[in-house]
Amino acid sequence: MKQADLDKEMISQGVDRYRLAKSRLRSANLESRTSAGRRVLEHAVSSMSESLQEWMTNAALAPGRGHSILPLLVDLDPNLVSLVTCKTVIDGITTTRTINSLAMSVARQIEDEYAFLKVRASHPRWWAAAVKKVKATGDERRAKRLKERCRRAGIPLTRWSYRDKAAMGLVCVELMRQSTGLIETENRISPLGKPHTIVRATDEFMNWLEKSHASAEFLFPVYMPMIHPPQDWKDAMGGGYTSEELKRPLVKARKKRKYDGAEMPEVYDAVNRIQRTGFSVNEKVLDVLKECWQNGLDIGDLPSSKPPVFPPFPADGKTNPDSKKTWKRICGRIKSESEQDRSKRIAVHKTIMLADKYRGQSIYYPQELDFRGRVYPKPIFLNNQGSDWQRSLLLFDKGLPLLTDEDRGWLAIHGANCWGIDKVSFAERIEFIQGMHNEIMAIAKAPMENMGWAKADKPFCFLAFCFEYAESVTNPDHVSRLPVHLDGSNNGLQIFSLLLRDPVSGLATNCLPTDTPRDIYQDVAELLKQKLAGVSDPMASRWLSFGIDRKTTKRVVMCLPYGLTRYSSHEYLRDWYLDKAKATGRAEFDVNEIFPAIIVLADALWESIHEIVKSAKDCMAWLREVAKIHIQEGKPIRWSAPSGFPVTQAYRKHNRVTVKTLVGTVIRQHRFRQDKDDLSKMQNVNAISPNFVHSLDAAVLMRAVNMAYERGVRNFSCIHDSIGVLASSASMMAACIREAAIEIFSQPVLHNLRTEMEHYLGRSLPAPPMSGDMDITLLRDADYFFA
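These figures come from a predicted structure and were not determined experimentally.

Colleague: What am I meant to see in the overall build of the protein chain here?
Modeller: Looking only at helices and strands, one finds 29 helices and 16 strands in the protein chain. For the protein chain, the C-alpha radius of gyration of 31 Å lies close to 28 Å, the compact-globule estimate for 787 residues. Once the C-alpha set of the protein chain is aligned to its principal axes, its extents read approximately 95 × 65 × 65 Å. Relative to its 787 residues, the protein chain shows a buried fraction of 51%. Surface accessibility of the protein chain: about 37700 Å² in total, with carbon and sulfur atoms responsible for 51%. Taken together, the 111 basic and 94 acidic charged side chains of the protein chain have centroids lying 8 Å from each other.

This is how it looks when you write it as structure tokens:
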């Protein structure tokens, strides 16, 4: 295998994928769904809608050709009429059609919309139920099924005369021609001597369309790992893949050139050191994964490869409406879950294919950054930031032997973490693995016969650990290549605790020394139970009876630093309740009670969270206030991360018109006014906290990587707030993470942020919240900060 051949393959696969998608859409007369077609459709609908409204205004003032259809158009949204017309024309733009045929196709769809509008107005409740019934079908079938339902219900559909339909279609096609310049008409004589008029795309439009497709073919290569180290980044444009056709800027952002002159050597050093890390495929895990996949085993987050199994139609289904309804509901849920897993099944197939392709090879991952400075591998599917089963397929290419008890201890700690034993002391985790010694050895010897590994929290990563553990036991000279990960304890809340030096939340998030790790999810759960016990609402006692545990609070607490609101927490709590009710077979609340019960639980949970992590609440409120001032001043929000990475947050408003036909076809138009769009207050205010936190966790990771590299560590598997290294490097990496955090948060980060923003805005900002008295240097002895 040669890198040059891989580069050509990535490009050619991207071209083939684009051409196949284009060919399929064109053969189905769906040009408007191609990338070029979507851009044209948005512009065409906007232009035609304006022309149609002007035409209707003129038609109301005086008689004229086609003006007889004005009464039919008055009740319809001009955007909808324009959408139907432009979509119908553009979908078949690569073919030539007679104007009569095209006009009737347009008119029939507009006629359906008009008829359905009248039905909805006269039978609103029936219409709502009918639309719900046909929601899952395709657009064309949906319209047919709605018509059939109207017929069976005895509801007449308004129908136009042939003359009105012809006039409607001809007016709409002509208005599109005049307003967009995309199509033209031409009079021809048929072989039988009959005159007719055809509609076709203009030469200019067809040339643009084909050039657009031709250039787009090369914009979407299928990025795969490299087999030699990527090119170092010395600026924001010149690193990563060595082939010019595959090169992309370091930062994924709309305005990429703004990073060209940025002075951020710490960022370039860290990214280069991460992407110089070599990996190789863990062939033992790959063979097991393939066997599980072929046998349709549903393990962890690995979807089953088998088709869904539907229950048989109930014996009393024809006579018992409730029984039939229950059966249909179960089948619908199974079908929905299967459709949701479709993309996962595709990912499994492609990941296995890539892993087989790279067997025995050294592989490397060019990196890229998002606009906050977070690091991501460019290739997808087979990479170290995927699902449990994807991460388990990778070993470091170069390893080191386990020379000391401490090295072997870190390997055991990693195994316990993968199993799910990560809330106890290191000694207890090691003891847990020692207690599983015989089972682990049996799993490593025959994993498909000894399936105990499938019970782990991260089953495939635990399986990879079992193979590594067995090798280290049987071969004292074994060179370990397994990535051992150090994970932050709710890193978002850790960052807020350090920003405001809050000893309460600092202790809860393991920023302070403790003999055993603190579990903030369990802490909040215990306080929540106390809160519920003091609530008079009977639903509170029913929640206590149902059972409150760390899983109740985990997702809400985890997402709090990233902009979670009380309202959005309702959905997480509902999902937890439904999952637990399904697992236990016990539903404490019926369907009508779930919503009010969730509100009672959410109110008590919100109070509990804010008592334990008050610093996060105060800091987030201050950041939101600062964001509002930026929007009032009409300026994007900018700051420099401690790594030197420049962050710009500028979510803008768009003049967005959403056109939804009555049978469910949806298109969103985005009309951009360059350099004149207003900033979106809601988006920027909601996003400032998570984006600021992400810029800080990226800075900590980069500084820690650079520190560790300077101290001899050469292998890094980075997943934002989780860093994987060799077991023999884990102790060093843990110390470097803590030192990096001490360096960064010993500085007055929020005051520096305020000063930078005031200089940029030219006005004063409110002072950040008062800091507590937590000693940041104690982090040096906080063993469970990243563990």
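Anyway, onward from the coordinates.
Colleague: Would you take a moment to explain the packing of helix H5 (residues 99-122) against helix H8 (residues 162-180) for this structure?
Modeller: The description of two helices packed together rests on the angle between their axes and the distance between the axes. Direction vectors running N to C along H5 and H8 enclose 105 degrees, while the axes themselves pass 7 Å from each other. In terms of orientation, H5 lies roughly perpendicular with respect to H8. Only Tyr-162, Lys-165, Ala-166, Met-168, Gly-169, Leu-170, Cys-172 and Val-173 of H8 make contact with H5, whose side of the interface consists of Ile-99, Leu-102, Ala-103, Met-104, Val-106, Ala-107, Ile-110 and Glu-111. Taken together, the residues of the contact of H5 with H8 break down into 13 nonpolar, one polar and two charged.

Colleague: Any chance you could explain the pattern of salt bridges here in plain terms?
Modeller: Note that side chains of opposite charge can pair when their charged atoms are close. Inspection of every chain in the model, using the stated rule, returns 45 salt bridges. The partner of Arg-26 in a salt bridge is Glu-210, with the nearest N and O atoms 2.8 Å apart. Residue Arg-26 is located in helix H1 (residues 3-27), and its partner Glu-210 is located in helix H9 (residues 203-216); the two are separated by 184 residues in the primary sequence. Owing to a relative accessible area of 31%, Glu-210 belongs among the partly exposed residues under this scheme. Here Arg-188 makes a salt bridge to Glu-186, at a shortest N to O gap of 3.4 Å. Given the relative accessible area of 34%, Arg-188 is considered partly exposed. Bridged by salt links that share partners, the residues Glu-111, Asp-112, Lys-147, Arg-159 and Lys-165 form one connected network.

Colleague: Sorry, what's going on with the nonpolar core here?
Modeller: In a soluble, globular protein the nonpolar side chains are often hidden away together inside. Core analysis: the biggest nonpolar cluster contains 181 residues, and Phe-462, Leu-499, Trp-543, Phe-716, Met-733 and Phe-745 have the highest contact counts within it. Setting aside its immediate chain neighbours within four residues, Leu-499 contacts Cys-619, Phe-692, Leu-696, Phe-745, Val-749, Leu-750 and Ser-771. Leu-83, Leu-117, Val-171 and Leu-182 belong to the second largest nonpolar core, which has 44 residues in total.

Colleague: What's the story with the sheet that holds strand S1 (residues 97-98) in this structure? I'm lost.
Modeller: Sheet strands pair via backbone hydrogen bonds, and the direction of the pair is either parallel or antiparallel. Reading across the sheet, the three strands line up as S1-S3-S2 and stay open at both edges, with antiparallel pairing between neighbours. Each edge of the open sheet carries a strand with a single partner, namely S1 and strand S2 (183-189). Judged from the two bridges that link them, S1 and strand S3 (residues 195-201) form a sheet pairing that is antiparallel. Bridge pairing links Arg-97 to Val-199 in S3.

Colleague: Just to check I follow, could you spell out the packing of aromatic side chains for this structure?
Modeller: Enumeration over the complete set of coordinates arrives at 26 aromatic pairs. Three or more aromatic residues joined by ring pairs make a cluster, and in this case those are Trp-419, Phe-432, Phe-462, Phe-465 and Tyr-469. It is Lys-580 that lies over the ring of Phe-546; its NZ or CZ is 5.1 Å from the centre. One residue, Lys-635, lies across the ring of Tyr-760, its end atom 5.3 Å from the ring centre.

Colleague: In this structure, what is going on with the side chain of Thr-85? I would like to understand it.
Modeller: Tracing the sequence through the fold places Thr-85 in helix H4 (residues 78-91). On the basis of relative accessibility, which here comes to 0%, the residue Thr-85 falls in the buried class. Within the structure, Thr-85 has its side chain in polar contact with the backbone oxygen of Val-81 (distance 2.9 Å). Discounting chain neighbours no more than four positions away, the residues touching Thr-85 are Met-48, Val-106, Ile-110, Cys-172, Val-173 and Met-176.

Colleague: Sorry if this is basic, but what is going on with the packing of H4 against H5 here?
Modeller: Viewed as axis vectors pointing N to C, H4 and H5 meet at an angle of 145 degrees, and their least axial separation amounts to 10 Å. The interaxial crossing formed by H4 with H5 has right-handed handedness. Along the contact surface, H4 presents Leu-80, Val-81, Val-84, Thr-85, Thr-88 and Val-89, while H5 presents Leu-102, Ser-105, Val-106, Gln-109, Ile-110 and Glu-113. Its residues assigned to classes, the contact of H4 with H5 shows seven nonpolar, four polar and one charged.

Colleague: How should the pairing of S3 be read in this particular structure?
Modeller: A regular strand places its side chains on the two faces of the sheet in alternate fashion. Examined bridge by bridge, S2 and S3 share seven bridges and lie antiparallel to one another. By the bridge assignment for S3, Ile-183 is matched with Ala-201. Where S2 folds back on S3, the antiparallel hairpin that results is connected by five residues, among which Gly-193 adopts a positive phi of roughly 85 degrees.

Colleague: For this particular structure, what's the right way to read helix H22 (residues 538-546)?
Modeller: Where H22 is concerned, the buried positions are Met-539, Ala-540, Trp-543 and Phe-546. Looking straight down H22, one finds that the buried residues subtend no more than 120 degrees of arc, so they occupy a single side. Looking at the buried side of H22, the elements it contacts are helix H21 (520-533), helix H24 (566-584) and helix H25 (591-612). By the N-cap criterion, in which a side-chain oxygen at the helix start approaches the backbone nitrogen of a residue two or three places on, H22 is capped by Asp-537, the distance to Met-539 being 2.9 Å. One or two steps after H22, the chain reaches Gly-547, where phi turns positive at roughly 115 degrees.

Colleague: What's the story with the side chain of Gln-275 in this structure? I'm lost.
Modeller: With respect to the helices, strands and loops of the structure, Gln-275 is situated in helix H10 (residues 265-275). Judged by relative accessible area, which is 0%, Gln-275 ranks as buried. Among the polar contacts listed, one links the side chain of Gln-275 to the side chain of Trp-233, at a separation of 3.3 Å. The residues touching Gln-275, leaving out its near neighbours within four places in the chain, are Pro-230, Gln-231, Asp-232, Trp-233, Gly-240, Tyr-364, Tyr-365, Pro-366 and Gln-367.

Colleague: How should I be thinking about the sheet that holds strand S10 (residues 484-487) in this particular structure?
Modeller: Here three strands make up an open sheet; going across it, the order is S10-S16-S15 and the pairing antiparallel. With one partner strand each, in any of the chains shown, S10 and strand S15 (717-718) form the two edges of the open sheet. Sheet topology note: the S15/strand S16 (residues 722-725) ladder contains two bridges and is antiparallel. Note that in S16 the partner of Cys-718 across the bridge is Ile-723. Those strands touched by helix H28 (residues 730-745) are S10 and S16, and its axis lies near 25 degrees from that of S10.

Colleague: Which parts of the structure should I look at to understand a positive patch on the surface?
Modeller: Positive charge collects at one region of the surface, where Lys-132, Lys-133, Lys-135, Arg-141, Arg-145, Lys-324, Lys-325, Lys-328, Arg-329 and Lys-335 lie side by side. Mapped by element, the contributors of at least two residues to the positive patch are helix H6 (124-133), helix H7 (139-153) and helix H12 (321-340). Relative to the assigned elements, Lys-335 resides in helix H12.

Calculation criteria
- Numbering of residues starts from 1 in every chain and runs along the sequence as written.
- At least 70 in pLDDT is required for a residue's local features to be given in this predicted model, at least 80 for side-chain atom pairs to be given and counted, and no such filter applies to totals for whole chains, interfaces and linings, which use all residues.
- Hydrogens and water molecules were not included; the side-chain quantities draw on all heavy atoms of the structure.
- Comment: elements are numbered from the N terminus, with helices defined as DSSP H or I runs of at least four residues and strands as E runs of at least two.
- C-alpha atoms define the radius of gyration, and 2.2 Å times the number of residues to the power 0.38 defines the globule rule.
- With a 1.4 Å probe rolled over the protein chains alone, any residue whose accessible area is under 20% of its type maximum counts as buried; one over 50% counts as exposed, and the rest are partly exposed.
- Working definition of accessibility: Shrake-Rupley area with a 1.4 Å probe, residue cover restricted to the visible protein chains.
- Note on charges: Lys and Arg go in the positive column, Asp and Glu in the negative column, and His and the chain ends are not counted at all.
- One atom stands in for each charge, and that atom is NZ of Lys, CZ of Arg, CG of Asp or CD of Glu.
- Every axis corresponds to a line fitted to the C-alpha atoms, with the helix fit spanning only the stretch in contact, and the corresponding angles, defined between N-to-C directions, vary from 0 to 180 degrees.
- An angle below 35 degrees is treated as roughly parallel, one above 145 as roughly antiparallel, one from 65 to 115 as roughly perpendicular, and anything else as oblique.
- Throughout, a contact is declared for two residues whenever any of their heavy atoms are within 4.5 Å.
- Amino acid classes used here: Ala, Val, Leu, Ile, Met, Phe, Trp, Tyr, Cys and Pro are nonpolar; Asp, Glu, Lys and Arg are charged; the rest, including Gly, are polar.
- Salt bridge, as used here: a side-chain nitrogen of Lys or Arg that lies within 4 Å of a carboxyl oxygen of Asp or Glu.
- Nonpolar core, defined: a set of buried Ala, Val, Leu, Ile, Met, Phe, Trp, Tyr and Cys residues in which side-chain atoms within 4.5 Å join the residues together.
- DSSP-based pairing: two strands are paired if at least 2 bridges between them are found.
- Classification of ring pairs rests on two measures: the distance between centres of Phe, Tyr or Trp rings, Trp counted by its six-membered ring, which must be within 6.5 Å, and the angle between planes, read as stacked under 30 degrees, edge-to-face over 60 and tilted in between.
- In our convention, an over-ring charge means Lys NZ or Arg CZ found within 6 Å of a ring centre and within 35 degrees of that ring's normal.
- Here a polar contact is recorded for every N or O atom pair within 3.5 Å, except that within protein the pair must consist of a potential hydrogen donor and a potential acceptor, and residues adjacent in sequence are included only if both atoms are side-chain atoms.
- Note on convention: near helix rotated counterclockwise from far helix by under a right angle means a left-handed crossing. Clockwise means right-handed.
- Within this analysis, the arc is defined by the directions that extend from the helix axis to the C-beta atoms.
- Patch criteria: residues need more than 30% relative accessible area and no salt bridge. Like-charged residues are merged within 9 Å; nonpolar side chains of Val, Leu, Ile, Met, Phe, Trp and Tyr are merged within 5 Å.

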